[in-house]
Amino acid sequence: MSERRRRIDALDVIRGFALCGILLANVGPISNISGKIVPPGASDWMGYVVDHRFFPIFAVLFGVGFALLLESAEGRTASPRLLLVRRLLVLLVIGLLHMFLIWPGDVLAIYAASGLVFLLPSTWLPRWAVAVLAVVVLVASLFVTNGYLLAPGLLLAGAALVRYGVIDRIEQSAKVPAITGVLLAVAAAPTLALQVVLQMNNPGGRAAGVMTAVAGMLIGGLYACVLLLLLRTTLRAALHALLAPLGKMALTNYLTASILVLAVAHLHGRPQDWTQPALLAVVIGVIAAQWLFSTLWLRRYRFGPLEWLWRWATWGRRPALQHTQGVATNVGPAG
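Residues numbered from 1 in each chain as written. Predicted model: local features only at pLDDT ≥ 70, side-chain atom pairs only at ≥ 80, totals over all residues. Heavy atoms only, no water.

Novice: Would you explain unusual backbone geometry in this entry?
Specialist: Leave glycine aside and you will find that most residues have negative phi; peptide bonds, for their part, are mostly trans. Even without a glycine there, the phi angle at H52 is positive, about 70°. Here H52 shows up in the loop between α2 (45-49) and α3 (55-74). For H52, a relative accessible area of 43% translates into the label partly exposed. Located in the positive-phi region is N146, a residue other than glycine, with phi close to 60°. Structurally, N146 is set in the loop between α6 (127-144) and α7 (151-163). (Helix = DSSP H or I, 4+ residues; strand = E, 2+ residues; numbered from the N terminus. Buried < 20%, exposed > 50% of the residue type's maximum accessible area, 1.4 Å probe, protein only.)

Novice: Looking at this structure, I do not really get the environment of A131. What am I missing?
Specialist: Residue placement: A131 occurs in helix α6. Dropping the residues within four chain positions of it, A131 is found in contact with A160 and Y164. (Contact = heavy atoms within 4.5 Å.)

Novice: Mind showing me how you'd approach the side chain of Q199 here?
Specialist: Here Q199 shows up in helix α8 (residues 175-201). Relative accessible area serves as the criterion here: at 8%, Q199 is assigned to the buried category. Polar side-chain contacts of Q199 include one of 3.3 Å to the side chain of T212. (Polar contact = N/O pair within 3.5 Å; in protein donor to acceptor, adjacent residues only side chain to side chain.)

Novice: Could you clarify how one ought to interpret the side chain of H98 in this entry?
Specialist: You can see H98 is positioned in helix α4 (residues 80-101). Note on H98: relative accessible area 2%, which makes it buried. Of note is the side chain of H98, whose polar atom sits 2.8 Å from the side chain of D106. Ignoring sequence-local partners within four residues, the contact set of H98 consists of W103, D106, Y254, L255 and S258.

Novice: Any chance you could explain the packing of α4 against helix α11 (residues 250-268) here in plain terms?
Specialist: Packed helices, taken two at a time, are described by their axes: the angle between them and the distance between them. Where α4 meets α11, the closest approach of the two axes is 11 Å, and the angle between their N-to-C directions is 15°. Considering the angle they form, α4 stands roughly parallel to α11. The two elements α4 and α11 cross, and the hand of that crossing is left-handed. Here L91, I94 and H98 of α4 come into contact with α11, specifically with L251, Y254, L255 and S258. For the contact of α4 with α11, a count of residues per class yields 5 nonpolar, 2 polar and no charged. (Axes fitted to C-alpha atoms, helices over the stretch in contact; angles between N-to-C directions. Parallel < 35°, antiparallel > 145°, perpendicular 65-115°, else oblique. Left-handed = near helix turned anticlockwise from the far one by under 90°. Nonpolar A, V, L, I, M, F, W, Y, C, P; charged D, E, K, R; others polar.)

Given below as structure tokens:
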């Protein structure tokens, strides 16, 4: 694999899309950090369209980014796995700081720990074994943790997609995302209906948790397929302009979103009384600010500020920050 891997634009767009959805799902819990978060009711559309639908995309993309970085590192260093260990340990520290100092709902620490325990050992396995292991870990997570800890299996699934060449071909044809999207939609419809019934009758039950997780993975996959199809239409330029800057600076935007939401909550007070329109307005404001900053920053620099520092810590040498002739790769926090 060439050390100068072509950047896959679709990954940046999907990652940016996932970040927007994650913020929409998290704005309530972050702003009401000391309050009680209850499961969605039958009429709470956000609970079924947004909650648990975007983290699966983010997690799969993290596994994709891990595998892409391994391919790139194998042509650039004699100890590629040592580099990956350093990268994951740095992310673990960042995630723990975010978790304990800003918001306890951080996922970066979980991804980093899952990467060390599952992703790193999987690099010695054949690709079929990684795919099988992903399924086994996902199924085990559903029944052991009631669907609350799906990250290890999703990360492995992302790595398997790279090793089977799916990611390299992700923009070559509309047939695969179209067929996959139809299959996911067919499976998601009854699953979502069952989730609604279970949430109505026993919102905190084991079955409701498992079905929420399954529906989340199916609908998240459907969202990604629809986005891939839209990227093959005249909307591609607009989607790229709106979402790619956010996705290219995923680490910076994920962390600063928590800070911005908490700042708004501090200024306006009583976030537990915010209505859904108010929460949506906060999300739009934060995303707009991040999009503007990301767009302006990336006109001059190759990486986001935190992405640059993370890359420096990973490789042990300071990378060039301003634009050069080099080709970037999709190895951000989620890809």
